[in-house]
Amino acid sequence: MTLKYLIQKEFLQIRRNAFLPRLIVIFPIMIMCVMPWVMNMEVKNIVVDVVDIDHTVESQRLVRQIAASRYFIFGGQKATYAEAMKDIEKGQADIILEIRNGQYLIAANAVNGTKGSMGSAYLSQIVSEKSTLHSSLLYNPHQNYKLYMIPALLAIVMMLMTGFLPTLNIVGEKETGTIEQINVTPVSKWAFILSKLIPYWLIALFVVTVCLLLAWLVYGITSAGPLWLVYVLAMLLALFFSSFGLIISNYSDTMQQAMFVMWFFIVCIMLLSGLFTPTRSMPHLAYLTTYINPMHYFIDAIRTVFIRGGSFGEVAHQVGALLSISLFMATWAVLSYKKNS
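Residues numbered from 1 in each chain as written. Predicted model: local features only at pLDDT ≥ 70, side-chain atom pairs only at ≥ 80, totals over all residues. Heavy atoms only, no water.

Novice: Explain the side chain of Glu98 residue by residue, including any values.
Specialist: By the secondary structure assignment, Glu98 is in strand β3 (residues 95-100). Classification of Glu98 by relative accessible area gives buried; the value is 10%. Polar side-chain contacts of Glu98 include one of 3.1 Å to the side chain of Arg100. With residues up to four places along the chain from it excluded, the contact list for Glu98 reads Val51, Tyr81, Gln103, Tyr104 and Leu105. (Helix = DSSP H or I, 4+ residues; strand = E, 2+ residues; numbered from the N terminus. Buried < 20%, exposed > 50% of the residue type's maximum accessible area, 1.4 Å probe, protein only. Polar contact = N/O pair within 3.5 Å; in protein donor to acceptor, adjacent residues only side chain to side chain. Contact = heavy atoms within 4.5 Å.)

Here it is, written out as structure tokens:
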């Protein structure tokens, strides 16, 4: 019964806060409705100059195909490579395609590395279609980047909502002095920490549901795998971040200190998780950190379930790792709380 009343207290504090209820509702809506359009690795409006020395029917067909592509802006045909190079130097073109004796030369301006590499890759794909090479894209045949980003955005929302809010909880009570009233009561540490964790798990359930509904209503994207497994993964991630936030709150004396410490760890966890870049591309020492990074296991598992339709057996390793790390952090959160603080 003591736990029940403590949980009621937490929800009363959240409800009486003028900002938190609005944040809990508006934040996932804004992230899911705005960020998939912004966080898009597709590169468009690439200006291409063509130097067609052959002037064959085949080369002209290729030029028309480039001009019709949604990724490119046809900068026109130039008489020589040097003339096209002047456009590159002036910033009026991004890529040069030279066609000579049935061979193709692609020269990309790599001052903007992403635009140069992605643009040359797109152009290479168009050129390669002239040969007998055929490729098949599995699980995301239309290369819809939103399908790839929805699980990542779900991870970000969970991380920020269930990470920062618990971080400010206990340290906020320290600053207001209400923690002293708890310290003189016979409430156990386990009951107190659970009363802090459970509300944020329920908030996590609400946030996941909102994100999945918006993905379906706005983008027509649904999970290819079992929905219950998506919720299991999300709740394990919420357990980790809420516990981690309480640990930082237990060791912090001010809200400012807690915010800076949490932000430091959040950035490291996010950048080393494979959320934006493949982990296999990292240096070996950085890659070793993925073995203790719960976000890495979540991203790997959620994309397997959400995009590829994987079953529990295919993500059992990630679920086990997430569960072990989360339980360890939850135990640490209880043990690090000192009632005589």
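Further notes follow.
Novice: Before we move on, could you go through the nonpolar core and cite the residues and values that matter?
Specialist: Nonpolar side chains tend to gather and get buried jointly when the protein is soluble and globular. Met158, Phe192, Ile193, Leu233, Phe241, Met295 and Phe298 are the most contacted members of the largest nonpolar core, which has 79 residues in total. Of all the elements, helix α6 (residues 145-176) adds the most residues to this core, at 17 residues. In this view, Leu233 contacts Phe298, Ala301, Ile302, Val305, Val319 and Leu322; residues no more than four positions away in its chain are not counted. Counting 16 residues, the second-largest nonpolar core is a separate cluster that includes Ile46, Ile95, Leu123 and Ile126. (Core = buried A, V, L, I, M, F, W, Y, C linked by side-chain atoms within 4.5 Å.)

Novice: Describe helix α10 (residues 255-271), naming the residues involved and giving the relevant values.
Specialist: For α10, with 17 residues, the first-to-last C-alpha span of 24 Å sits near the 24 Å given by 1.5 Å per residue. Of the positions making up α10, those classed as buried are Ala258, Met262, Ile266, Ile269 and Met270. Taken down its axis, α10 places every buried residue within 85 degrees of arc, on the same side. Counted as exposed and oriented over 90 degrees from the buried face of α10: Gln256, Phe260 and Leu271. (Expected span 1.5 Å × (residues − 1). Arc of directions from axis to C-beta.)

Novice: Please give an account of the environment of Gly76 that cites residues and values.
Specialist: Mapped onto the fold, Gly76 is located in strand β2 (residues 72-77). What Gly76 contacts, discounting residues up to four positions off in sequence, is Val48, Asp49 and Val50.

Novice: Tell me about the sheet that holds strand β1 (residues 46-52), residues and numbers included.
Specialist: As summarised here, the arrangement of the 4 strands in space is β2-β1-β3-β4, forming an open sheet in which the pairing is mixed. Strands with a single pairing partner mark the edges of an open sheet, and in this sheet they are β2 and β4 (103-108). Averaged over all neighbouring strand pairs, the angle between strand axes comes to 25 degrees, with direction disregarded. The sheet contact formed by β1 and β3 spans 5 bridges and is parallel. Directly across from Asp49, in β3, lies its bridge partner Ile96. Sheet strands touched by helix α3 (residues 57-68): β1, β2, β3 and β4. Its angle to β2, the strand with the most contacts, is close to 140 degrees. Of the strands in this sheet, β1, β3 and β4 touch helix α4 (residues 81-90), which is tilted by about 170 degrees from β3. (Pairing = 2+ DSSP bridges. Axes fitted to C-alpha atoms, helices over the stretch in contact; angles between N-to-C directions.)

Novice: With reference to specific residues and values, describe the side chain of Arg303.
Specialist: For Arg303, the location among the structural elements is in helix α12 (residues 294-306). One buried charged residue, Arg303, forms no salt bridge at all, with the nearest opposite charge on Asp300 at 7.8 Å. One polar contact links the side chain of Arg303 to the main-chain carbonyl oxygen of Gly274, over a distance of 3.5 Å. Excluding anything up to four places from it in sequence, Arg303 contacts Tyr148, Pro151, Ala152, Gly274, Leu275 and Arg308. (Lys, Arg positive; Asp, Glu negative; His and termini not counted. Salt bridge = Lys/Arg side-chain N within 4 Å of Asp/Glu carboxyl O.)

Novice: Give a detailed account of the pairing of β1, specifying residues and quantitative values.
Specialist: The buried fraction of β1 amounts to 7 of the 7 residues, a majority that puts the element mostly inside the structure. Here β1 shows no split at all, with Ile46, Val48, Val50 and Asp52 on one side and Val47, Asp49 and Val51 on the other all buried. In this sheet, β2 lies alongside β1 in parallel orientation, the contact comprising 5 bridges. Paired with Asp49 across the strands is Gly76, a residue of β2. Crossover handedness for the path β1 to α3 to β2: right-handed. (Right-handed = clockwise from strand over helix to strand, strands pointing away.)

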